[in-house]
Amino acid sequence: MTTITAPRPRKSHRPAPCPVTGKLRYRERKDAGLALRDAKYLRSALAVSGIETSWTIVRAYKCEACSGWHTTSRPALPTFTN
Ligand SMILES: [Zn+2]
């Protein structure tokens, strides 16, 4: 006797993580930008209550390995022009 189970729902809205960095991968820069905005909003909202969050992402960058976008808590390196 064969039992057929219902297929598990696919989480197609969440892309696979980067195979190199293991970070959450955003397809487009604007998606990473939305995450930055959410994190910024959450930090300020929690700060009012005196609560700190570990969600400290500050910028997005393009990943050479997966051609997607990642977020990082490291500030951008200073650029020197001379
Ligand atoms: Zn990547």
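Structural data are supplied above this passage.
Residues numbered from 1 in each chain as written. Predicted model: local features only at pLDDT ≥ 70, side-chain atom pairs only at ≥ 80, totals over all residues.

> Please provide a residue-by-residue account of the overall build of the chain, values included.
A tally of regular secondary structure across the chain gives one helix and two strands. Each of the 82 residues in the chain was classed as buried or not, and the buried ones make up 9%. Here the analysis covers contacts within the chain between residues at least 6 apart in sequence; of these, 45% occur between residues at least 24 apart. (Helix = DSSP H or I, 4+ residues; strand = E, 2+ residues; numbered from the N terminus. Buried ≥ 20, exposed ≤ 12 C-beta atoms within 10 Å, placed from the backbone. Contact = placed C-beta atoms within 7 Å.)

> Any chance you could break down helix H1 (residues 29-48) for me, citing the residues and the numbers?
If you check H1, its first and last C-alpha atoms are 29 Å apart, about what 20 residues at 1.5 Å a residue would give, namely 28 Å. Downstream of H1 by one or two residues, Gly50 has phi in the positive range, about 75°. (Expected span 1.5 Å × (residues − 1).)

> Please provide a residue-by-residue account of the pairing of strand E1 (residues 59-62), values included.
Inspection of the sheet shows E1 paired to strand E2 (residues 69-72) by four bridges, in the antiparallel sense. Bridge pairing in E2 links Ala60 to Thr71. Once E1 ends, the chain turns through six residues before running back antiparallel as E2, passing Ser67 with a positive phi of about 60°. (Pairing = 2+ DSSP bridges.)

> Please give an account of unusual backbone geometry that cites residues and values.
Unlike most non-glycine residues, Ser67 shows phi in positive territory, near 60°. In this fold, Ser67 is placed in the loop between E1 and E2. A tally of 10 C-beta atoms within 10 Å means that Ser67 is categorised as exposed.

> I'd love a proper account of the environment of Ala65, names of residues and values included.
Relative to the helices and strands, Ala65 resides in the loop between E1 and E2. As a C-alpha pair, Ala65 and Val20 span 45 residues in sequence and 6.7 Å in three-dimensional space. Those residues in contact with Ala65, other than ones at most four positions away along the chain, are Cys18, Val20 and Thr21.

These results come straight from atomic positions and should not be treated as a statement about function.
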